[in-house]
Amino acid sequence: MSKNAVISTFIIILSGIIMLFGSCRRVDNVVYSEFANFDNEGWDPVCVLPFSPWPMDSVLNPADRFDLILTLRYAPNYPSSEVPLEISEEDENGVFATNRLTVRLRDKNGKPRGRKSLYLYEISDTLRRDMQLSDGYVVNIATLSPPSNTQGLRNLGLTLALTTSK
C-alpha cells in the first residue's frame, strides 16, 4: 500500500470517529425529555400523567446527580392564570413524596410568562435539584383543575438534566 493510500485511509477513519462521537453531544446536559400532549378539550383530572425519567445514555455513572424540570406549553389565549398540579414521586419502595405545585402562567398584570415561540408560551420550573435516581423512579402528575380551566394547555413535560456545578 502506498504512503498516500495509508494517509487517505487514516483520514477517512479519523473523520468517521469524529463524526460518530460528535453526533452524541448533549444539549444543556439533557439525558431525558418526554412530553404529554393535550387536545382542545383540556386536561381531565382523572388522567394522571406517568413519567419514568431515566437517562437514555448508557455511559452515565450511577453516582451522577440530576435536576428534574417541569415544562408547560400553552396558547397565549389560555383562560387561566395558573395551573394547580399534584406531583407524586415513587420508586420500587413505593411513594416517597407528594407535593402540590401551582404554576403561574401570567404575571400580576395578566401578561403571559415564559418564553414565547411563534404560537405558544413555554414556562419551566425545576422540581428537584441535585437528586440521585433510585431504581423504578416514576413521577405521576395530575391537574387539580376541571378540563374547562385547562383548555389552551398544549403539553406538559419532564426533563432530566445532569446537575452541573456552578
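Provided above is the structure to which this section pertains.
Quick caveat: nothing in here was measured; it's all calculated off a predicted structure.

**Student:** Describe the environment of Pro50, listing the residues and the values that go with them.
**Tutor:** Following the sequence through the fold, Pro50 ends up in strand 2 (residues 49–51). As a C-alpha pair, Pro50 and Val138 span 88 residues in sequence and 6.9 Å in three-dimensional space. Not counting residues up to four positions away in its chain, the partners in contact with Pro50 are Val139 and Asn140.

**Student:** Would you mind going over the packing of aromatic side chains in detail, with residue names and values included?
**Tutor:** Within the structure shown, the criterion is met by four aromatic pairs. Three or more aromatic residues joined by ring pairs form one cluster here, namely Tyr74, Tyr78 and Tyr121. The lysine or arginine in question, Arg73, covers the ring of Phe35, its NZ or CZ lying 4.0 Å from the ring centre.

**Student:** For the pattern of salt bridges, give the residues involved together with the corresponding values.
**Tutor:** Enumeration according to the criterion identifies six salt bridges in this entry. Residues Asp130 and Arg65 are paired through a salt bridge, measuring 3.1 Å at the closest nitrogen-oxygen approach. Separated by 65 residues along the polypeptide, Asp130 in strand 7 (residues 121–131) and Arg65 in the loop between strand 2 and strand 3 (66–74) bring together distant segments of the chain. Overall, Asp130 belongs to the partly exposed group, its relative accessible area being 39%. With a relative accessible area of 34%, Arg65 lands in the partly exposed category. With a shortest N-O distance of 2.7 Å, Arg73 and Glu122 are connected by a salt bridge. With Arg73 in strand 3 and Glu122 in strand 7, the pair connects residues that are 49 residues apart, well separated along the chain. Exposure remark for Arg73: the relative accessible area of 24% places this residue in the partly exposed category. Three or more residues are tied together by salt bridges with common partners; here these are Arg73, Arg115 and Glu122.

**Student:** Help me get a handle on the sheet that holds strand 4 (residues 82–91), residues and values and all.
**Tutor:** The sheet built from four strands is open, its strands ordered 2-8-4-5 with antiparallel pairing. Since the sheet does not close on itself, it has two edges, and those belong to strand 2 and strand 5 (94–104), each with one partner. Recorded for the sheet is a direction-independent mean angle of 20 degrees between the axes of neighbouring strands. Sheet topology note: the strand 2/strand 8 (residues 138–143) ladder contains three bridges and is antiparallel. Bridging from a neighbouring strand, Phe51 pairs with Val139 of strand 8.

**Student:** An account of the sheet that holds strand 3 is requested, with residue identities and associated values reported.
**Tutor:** Pairing in this open sheet of five strands is antiparallel, and the strands run 1-9-3-7-6 from one edge to the other. Two strands bound the open sheet, and with one partner strand each, they are strand 1 (30–37) and strand 6 (115–116). Here strand 3 runs beside strand 9 (residues 153–162); their pairing, made up of nine bridges, is antiparallel. If you follow Asp67 over to strand 9, its bridge partner there is Ala161.

Here is what the cut-offs are and how they apply
Residues numbered from 1 in each chain as written. Predicted model: local features only at pLDDT ≥ 70, side-chain atom pairs only at ≥ 80, totals over all residues. Heavy atoms only, no water. Helix = DSSP H or I, 4+ residues; strand = E, 2+ residues; numbered from the N terminus. Contact = heavy atoms within 4.5 Å. Phe/Tyr/Trp six-rings, centres within 6.5 Å; stacked < 30°, edge-to-face > 60°. Lys NZ or Arg CZ within 6 Å of the ring centre and 35° of its normal. Salt bridge = Lys/Arg side-chain N within 4 Å of Asp/Glu carboxyl O. Buried < 20%, exposed > 50% of the residue type's maximum accessible area, 1.4 Å probe, protein only. Pairing = 2+ DSSP bridges. Axes fitted to C-alpha atoms, helices over the stretch in contact; angles between N-to-C directions.

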